[in-house]
Every structure is written in structure tokens, then in C-alpha cells.
Amino acid sequence: MNAVPFHPPTDYYCKELAPLDEEICSLLAKRKELSNQNPGFPDPDLISHWSQAFVLKEDWLRIVFAHLHSEKHIHVPVEPIEFLKFIPVLRSVTVDKLSHTVTYIKQYSNASIVHIETEMITSEPFVHLGHAMFELSIAPEYLCTLNRGSGSDKTIQHSFVVTPSLPDDISEVEFHLSVKPLPEPEFQRVLLKEITVTI
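Residues numbered from 1 in each chain as written. Predicted model: local features only at pLDDT ≥ 70, side-chain atom pairs only at ≥ 80, totals over all residues. Heavy atoms only, no water.

K.L.:
Before we go on, may I ask you to explain the packing of aromatic side chains in this structure?
P.N.:
Centre distance and the angle of the planes are the two values used to describe a pair of aromatic rings. A full pass over the atoms with the stated rule returns four aromatic pairs. When the centroid spacing of 5.6 Å and the interplanar angle of 70° are considered together, the rings of Phe83 and Tyr108 count as edge-to-face. Taken together, the residues span a long stretch of sequence, with Phe83 in strand β1 (residues 83-95) and Tyr108 in strand β2 (residues 98-108) at a distance of 25 residues. Accessibility expressed as a relative area gives 39% for Phe83, which makes it partly exposed. Here the aromatic residues Phe83, Phe86, Tyr104 and Tyr108 are joined through ring pairs into a cluster of three or more. (Phe/Tyr/Trp six-rings, centres within 6.5 Å; stacked < 30°, edge-to-face > 60°. Helix = DSSP H or I, 4+ residues; strand = E, 2+ residues; numbered from the N terminus. Buried < 20%, exposed > 50% of the residue type's maximum accessible area, 1.4 Å probe, protein only.)

Below, the structure written as C-alpha cells:
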């Protein structure tokens, strides 16, 4: 899990903007404090009003406020080093025909990687899990960051980097998995006809 280096979109900066950019940073800090780090998202009518009042594109304002909302999820990634051991867990819970299982933990000297598998319990053949954001929390002293995710129609696997390292004895540790569905795009299905073509 290597951190992606940040590259500015341009090498140019108008130094006359520095006082204004500092004021923007000051306002962002005040906004964060006033909202108690839970800013929500402005009503669409407000964004539309601000767009007209300040001659700014609505889509751009939506992106700006969406990024402001995501600030709490931005963490400096920890690269696990010095692998120590595997800890088998196999702890499951089933809710609404979905089985969520903590399968195992990889212990490193500076972090743990928790592996979780979500499986749909159904015998129906043409079923697939929808798109969603998965978040893991354990206790206030642990930071859990999504590491990787993959899956097939009925199964999704996720791994989370947890810092500091979890204890080897996890009998008292509770894993809280939050699933936040994402809107599914609507596709138009076009049935193909049986034909032969020459290209």
C-alpha cells in the first residue's frame, strides 16, 4: 500500500494571492470549528444562490463542498513494515442475507491488516452485490484505513490497515463494519440479435 505522491497541477503561483489564500485557510479552520467537524452538505438551493451571487459554476461549488466534507477521511497512509504473523479470526455475523466475516489479521511491527469478506447468501444464479463504501471502526484509539477491495458477483473482500497494531489476543476486540450504499447507474439493456456480419 504505497502512498500516491501529490503533484501540483501547475508549477505557477501568483504570490499576490498568498494573503487571500491564507484568509481562505483561516475561514476553513473557523468552519471546521463551528461545525464541530460535522459540516454536512449545503442545500442545493444555497449552492445555486451562491453560484449566481459570486458568478461561480454550480458543479465546481458542489465539488469544493464535497471535498470539504471528506477532509476527515484524509489520513497520511501508514506502510506496514516487518511482517510478524497471521492471526486467524473467522468471526461472522449475518444480516439481511449478507454474511460479514473477519477472516484473518496480518500483524506487522507498526500496524495490523484486517481482512473482511462479505458474502451474499442466496441460491439465485443472476444476482450481484451493489456498489457501496465500506468503513471499519474498532475503538477511538485505532485508526482504520481502507487498504484494498475486490470481489465478484456475490462476494466482496476488503482489507483495512489498523494503527497502532492490534493485540495478538483479539478476544475482546469488536470490529464495527459500516456499509454505505452508493447510487447505482441506470443502464439501458439492448438485446442482441443473432446475425452474421462481414467487416
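K.L.:
I would appreciate a short explanation of the pattern of salt bridges in the present structure.
P.N.:
Where charged atoms from two side chains of opposite charge approach closely, those side chains can pair. Within the structure shown, the criterion is met by four salt bridges. For the salt bridge of Arg62 with Asp59, the shortest nitrogen-to-oxygen distance reads 2.4 Å. Within this pair, Arg62 and its partner Asp59 are both found in helix α3 (residues 58-69), separated by three residues, close to a single helical turn. The closest approach of N and O atoms between Asp168 and Lys85, which form a salt bridge, is 3.0 Å. One end of the pair, Asp168, is in the loop between β6 (155-163) and β7 (176-181); the other, Lys85, is in strand β1, with 83 residues separating them in the sequence. (Salt bridge = Lys/Arg side-chain N within 4 Å of Asp/Glu carboxyl O.)

K.L.:
Would you take a moment to explain the sheet that holds β2 for this structure?
P.N.:
Two modes of strand pairing occur in sheets, parallel and antiparallel, and in both the strands are linked by backbone hydrogen bonds. Strand order in the open sheet formed by five strands is β1-β2-β3-β6-β5, with antiparallel pairing between adjacent strands. At either margin of the open sheet sits one strand with a lone partner, and together these are β1 and β5 (143-151). In this sheet, neighbouring strand axes are inclined to one another by 20° on average, regardless of whether the strands run parallel or antiparallel. (Pairing = 2+ DSSP bridges. Axes fitted to C-alpha atoms, helices over the stretch in contact; angles between N-to-C directions.)

K.L.:
How should I be thinking about the environment of His49 in this particular structure?
P.N.:
Checked against the element boundaries, His49 lands in helix α2 (residues 44-54). For His49, a relative accessible area of 48% translates into the label partly exposed. Considering only alpha carbons, one finds His49 and Ser26, 23 residues apart in sequence, at a separation of 23 Å.

K.L.:
What's the story with the nonpolar core in this structure? I'm lost.
P.N.:
Side chains of nonpolar character tend, in soluble globular proteins, to be buried together. In terms of nonpolar packing, the biggest core is built from 20 residues, with Ile105, Val114, Leu136, Ile138, Val162, Leu166 and Phe175 touching the most fellow members. When residues of this core are traced back to their parent elements, those giving at least two are β1, β2, β3 (112-120), β4 (132-137) and β6. Among all residues touching Leu136, those that are not within four sequence positions of it are Val114, Ile116, Cys144, Phe160, Val162, Phe175 and His176. (Core = buried A, V, L, I, M, F, W, Y, C linked by side-chain atoms within 4.5 Å. Contact = heavy atoms within 4.5 Å.)

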